[in-house]
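# Geometric and topological summary
The lines below spell out each chain.
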Number of protein chains: 2
Amino acid sequence: MSKSPKFDREQVVAKATNLYWERGYHATSMRNLQDAIDMRPGSIYAAFGSKDGVFRESLEHYAEQSIGRFRAQRAAASSPLQALKNTVRQVVIQSKTDAPSSMCMLVKTVAELTDNEAELLEFAKAKLKSVEDAIAELIKEAQQAGEISAEKNAEHLARFVQVQIAGLRIYAKANDDAPLEQMISEMFESITATVQ
Amino acid sequence: MSKSPKFDREQVVAKATNLYWERGYHATSMRNLQDAIDMRPGSIYAAFGSKDGVFRESLEHYAEQSIGRFRAQRAAASSPLQALKNTVRQVVIQSKTDAPSSMCMLVKTVAELTDNEAELLEFAKAKLKSVEDAIAELIKEAQQAGEISAEKNAEHLARFVQVQIAGLRIYAKANDDAPLEQMISEMFESITATVQ
DNA sequence: AAAATATTTGAGCGATTGTTCAAATATAGC
DNA sequence: GCTATATTTGAACAATCGCTCAAATATTTT
C-alpha cells in the first residue's frame, strides 16, 4: 500500500554525472542539477540526501563506467595489450569530442577538492585507485600473453600508465593541437621495451 | 593634490594567488579574498575591476613565479640538466608540503574552467605554454652542454616533461605514498637515453 | 589651514546558494 | 472507491554570492 519512485535512478545518476563531469563540483549548482535530471528539490533530497550525495553517487557511476570500458575493450580487442592501447586512445582522443569533459572526472575532482570536502576527495582518490587496479589486471594479462616482459612489475607499470593518461588528458585540454596519437605511441614504446 | 594607494599590489596579488591556488576559482569567494588580502570590496574593485580581474592577475603572477623558478635553479645548479631535474623535484616533491596546493595552479585552472569562463581558460592555457617554452630553453641549453642528445627535438622533449610533471603532480595528490623520487628518476632516464 | 583629489570603508543591493517542508498527487492493498 | 502510504511538487528559508556607491578618510598642493 504505497507508491514507488517513478524516476529511473540509473538514468538520473548518468545525467548528474555528465553535468558534474563537465562543470566540476563547485560550479554545479542544485538548480543546474534540477534542470539536468528533471527532478524537483524534494525528490532529489529524498533520493540522495544532499548535493554531496548526488556527487558521490556520480563518482561511483563514473568509476564503474571507466572500469567497464576496460572490460568492453578487452572483449573487443585481439589481445590484452591491444585492449589497453585502444582504451588509452579512446580515453585520451575520443573524449576530446565525445565526453562532457576531455578530462577524467576523478582527476578533475582530486584536482578541485581540498580538505574542506575531505570525504568526497578521499572517495575520488579511492575510485582512482580502483581504476589503477583494473589497469594492472590488464597488464598482467598482457604479461601472461607475452606482450609485455614478465620481469616488469605490473603495479609499477599501471602507475606509469595512470600518470601518462592524466598528463596526456590535461595536456590535450591545454593544447588543442597536441599530437596525441604520436604521444600515446611513444608511451607504449617505453612499456613494451624489452629492457626497463 | 591627491592620494596614492597604500596597499602593496605585489604582496596583495601574492596572497590572492595563494588563496586561488589552494581553493580554485569557483570555490574562492570575494569574501574569502577580502579576508586573505585584507582589503575591502571597494578597494578591490577599484584596483582589479572584478573577481576575474584578481584571478587573471594571480595567474600572471603564478606563471612568472614558475618561470622564475627555472631561472633560480639554473643559477644555482651545476648544469642545465641538473637545474631541470632540481626544478622538477622541487615542483613535484616540495610542493606537496610547502605550497598552497600540490598541483600546478595553471593545470588546476585548465582542469576546472569551461567555456563559461572562456577568457580565463585561454589565458591559463597561454601561460602554461610559456612555462613549456621555458622548459624548452633549458633543454636546449642541456643539449648544447652535451647532457642531452642534440638529435632530439627540444620542443618535443619539453612537451614530454610538461606531461610528466602534470601527471606526477596529480598522481602525488591522489596517492600520498607515491614513490615520487623514483618516478622522477625514471622519467629522466628516458630523456637522457642515447637512443630515442 | 584650506582646498582639491584621491583612496578606503562598509552597509547593502538583487541574485543565487543549498536545503526544508507542508501541501498536492499518485499508487497499492482492501 | 476508499484508505493508507509513498513520492512529488514548488514556494520559501537563511545564508552567501559578486558587486556598487555614497560617505568617510587620507594625502598633497596651494
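Quick notes on the rules
Residue positions are given per chain, counted from 1 along the sequence in the order it is written. Throughout, the order in which chains and ligands are written sets their labels, letters from A for the former and numbers from 1 for the latter. Owing to the predicted nature of the model, reporting of local features is limited to residues with pLDDT of at least 70; listing and counting of side-chain atom pairs is limited to 80 or more, with chain, interface and lining totals taken over all residues. Derived side-chain values reflect all non-hydrogen atoms in the structure, with water molecules and hydrogen atoms excluded from consideration. Least-squares superposition of the copies uses the C-alpha atoms of those residues scoring a pLDDT of at least 70 in each of them. When checking whether two residues touch, look at their non-hydrogen atoms; a contact exists if any pair is within 4.5 Å. When two components associate, each loses some accessible surface as probed by a 1.4 Å sphere; the sum of these losses over both components is called the buried area. Throughout this description, the term salt bridge denotes a Lys or Arg side-chain nitrogen within 4 Å of a carboxyl oxygen of Asp or Glu. N or O atoms closer than or at 3.5 Å make up a polar contact, with two conditions inside protein: a donor-capable atom paired with an acceptor-capable one, and, for residues adjacent in sequence, both atoms drawn from side chains. Each helix corresponds to a stretch of at least 4 residues labelled H or I by DSSP, and each strand to a stretch of at least 2 residues labelled E; elements are numbered beginning at the N terminus. Put simply, Ala, Val, Leu, Ile, Met, Phe, Trp, Tyr, Cys and Pro go in the nonpolar bin, Asp, Glu, Lys and Arg in the charged bin, and everything else, Gly too, in the polar bin. For every element, the axis is a line fit to its C-alpha atoms; helices are fit only across the contacting stretch, and the angle between N-to-C directions ranges from 0 to 180 degrees. Angles below 35 degrees are treated as roughly parallel, those above 145 as roughly antiparallel, those between 65 and 115 as roughly perpendicular, and all remaining angles as oblique. UniProt positions are given in the numbering used here, feature names are shortened, and annotations may be inferred rather than shown by experiment. The buried label applies to any residue whose accessible area, calculated with a 1.4 Å probe on protein chains only, is under 20% of its type's maximum; exposed applies above 50%, and partly exposed to all values in between. Left-handed describes a crossing whose near helix is turned anticlockwise from the far helix through less than a right angle; right-handed describes the clockwise counterpart. In this scheme, a helix's expected span is set at 1.5 Å multiplied by one less than its residue total. Note that the arc is computed from the directions linking the helix axis to the C-beta atoms.

The operation relating chain A to chain B is a screw motion whose rotation component is 180 degrees, with 0.0 Å of axial translation and a residual RMSD of 0.0 Å. What we have between these two chains is a two-fold relation. Identified as the residue of chain A closest to the rotation axis by C-alpha distance is A:Gly167, at 2.0 Å. Same-surface contact between copies: 97% of interface residues of chain A are shared with the interface of chain B.

For the rest of this paragraph, the subject is the interface of chain A and chain B. Opposite the 36 residues of chain A that make contact, chain B presents 35 residues. The junction of chain A with chain B conceals about 3000 Å² of combined surface from both sides, 60% of it contributed by carbon and sulfur atoms. Taken together, the connections running from chain A to chain B amount to 2 salt bridges. For the salt bridge of B:Asp176 with A:Lys125, the shortest nitrogen-to-oxygen distance reads 3.9 Å. The tally of links between chain A and chain B comes to 9 residue pairs in polar contact (both at pLDDT 80 or more). Elements that contribute at least two residues to the side of chain A that touches chain B include exactly helix H1 (9-23), helix H6 (105-112), helix H7 (118-144), helix H8 (154-174) and helix H9 (180-192) of chain A. Considering every element that reaches the side of chain A that touches chain B, the biggest residue donor is H8(A), with 12 residues. Residues belonging to the side of chain A that touches chain B are distributed by class as follows: 16 nonpolar, 9 polar and 11 charged.

The next point concerns the packing of helix H4 (residues 51-76) of chain A against H7(A). Residues and elements named next belong to chain A. Close contact between H4 and H7 brings their axes to 10 Å; oriented N to C, the two are set at 5 degrees. The orientation of H4 relative to H7 falls into the category roughly parallel. Between H4 and H7, the residues in contact are Asp-52, Phe-55, Arg-56, Leu-59, Glu-60, Ala-63, Ser-66, Ile-67, Phe-70 and Arg-74 and Glu-119, Leu-120, Phe-123, Ala-124, Lys-127, Ser-130, Val-131, Ala-134, Ile-135, Leu-138 and Glu-141, respectively. Looking at side-chain class alone, the contact of H4 with H7 contains 12 nonpolar, 2 polar and 7 charged residues.

Following the UniProt record, the feature "coiled-coil region" (unreviewed entry) maps to residues 121-148 of chain A here. Here residues 121-148 of chain A is 86% helix and 0% strand, with 34 Å between the C-alpha atoms at its ends.

A few words on unusual backbone geometry. In this structure, A:Asp38 is a non-glycine residue whose phi angle is positive, near 55 degrees. With respect to the element layout, A:Asp38 can be found in the loop between helix H2 (30-37) and helix H3 (41-48).

In this section: the environment of A:Leu19. Residue and element names in this part refer to chain A. Within the secondary structure, Leu-19 sits in helix H1. It is 29 Å that separates the C-alpha atoms of Leu-19 and Ala-75, two residues lying 56 residues apart in sequence. Setting aside its immediate chain neighbours within four residues, Leu-19 contacts Gly-24, Thr-28, Asn-32, Leu-33 and Ala-36.

What follows is about the side chain of A:His61. Residue and element names in this part refer to chain A. Relative to the assigned elements, His-61 resides in helix H4. The class for His-61 is buried, based on a relative accessible area of 15%. Excluding residues within four positions of it along the chain, His-61 makes contact with Glu-10, Val-13, Ala-14 and Thr-17.

The next thing to look at is the pattern of salt bridges. The full count for this structure, using the stated rule, is 22 salt bridges over all chains. Of the charged contacts in the structure, one is a salt bridge between B:Arg40 and B:Asp38, with a shortest N-O distance of 3.3 Å. Accessibility expressed as a relative area gives 53% for B:Asp38, which makes it exposed. Where B:Glu155 meets B:Lys140, a salt bridge forms, and the shortest distance between an N and an O atom there is 3.0 Å. Remark: B:Lys140 occurs in helix H7 (residues 118-144) and B:Glu155 occurs in helix H8 (residues 154-174); sequence separation between them is 15 residues. For B:Glu155, a relative accessible area of 42% translates into the label partly exposed. A network of salt bridges, in which partner residues are shared, links A:Glu122, A:Lys125 and B:Asp176.

Glancing now at the packing of H8(A) against H9(A). Residues and elements named next belong to chain A. Interaxial distance between H8 and H9 falls to 11 Å at its minimum, and their mutual angle equals 165 degrees. Comparing the axis directions of H8 and H9 gives the class roughly antiparallel. At the point where H8 passes H9, the crossing takes the right-handed sense. Note on element contacts: H9 touches H8 through Leu-180, Met-183, Ile-184, Met-187, Ser-190 and Ile-191, opposite Phe-160, Val-161, Gln-164, Leu-168, Tyr-171 and Ala-172. Partitioned by chemical class, the residues of the contact of H8 with H9 number 10 nonpolar, 2 polar and no charged.

Right, let's get into the environment of A:Phe7. Residues and elements named next belong to chain A. You can see Phe-7 is positioned in the segment before H1. Overall, Phe-7 belongs to the partly exposed group, its relative accessible area being 26%. Between the C-alpha atom of Phe-7 and that of Tyr-171, which follows or precedes it by 164 residues, the distance is 38 Å. Excluding residues within four positions of it along the chain, Phe-7 makes contact with Val-12, Met-39 and Ala-47.

Bringing H9(A) into the picture now. In this model H9(A) runs 18 Å from its N-terminal to its C-terminal C-alpha over 13 residues, within 8% of the 18 Å that 1.5 Å per residue would give. Among the residues making up H9(A), those that are buried are A:Leu180, A:Met183, A:Ile184, A:Met187, A:Phe188 and A:Ile191. The buried side chains of H9(A) occupy one side of the element, clustering within an arc of 135 degrees when seen end-on. Looking at the packing, one finds that the buried side of H9(A) touches helix H5 (80-98) and H8 of chain A together with H8 of chain B.

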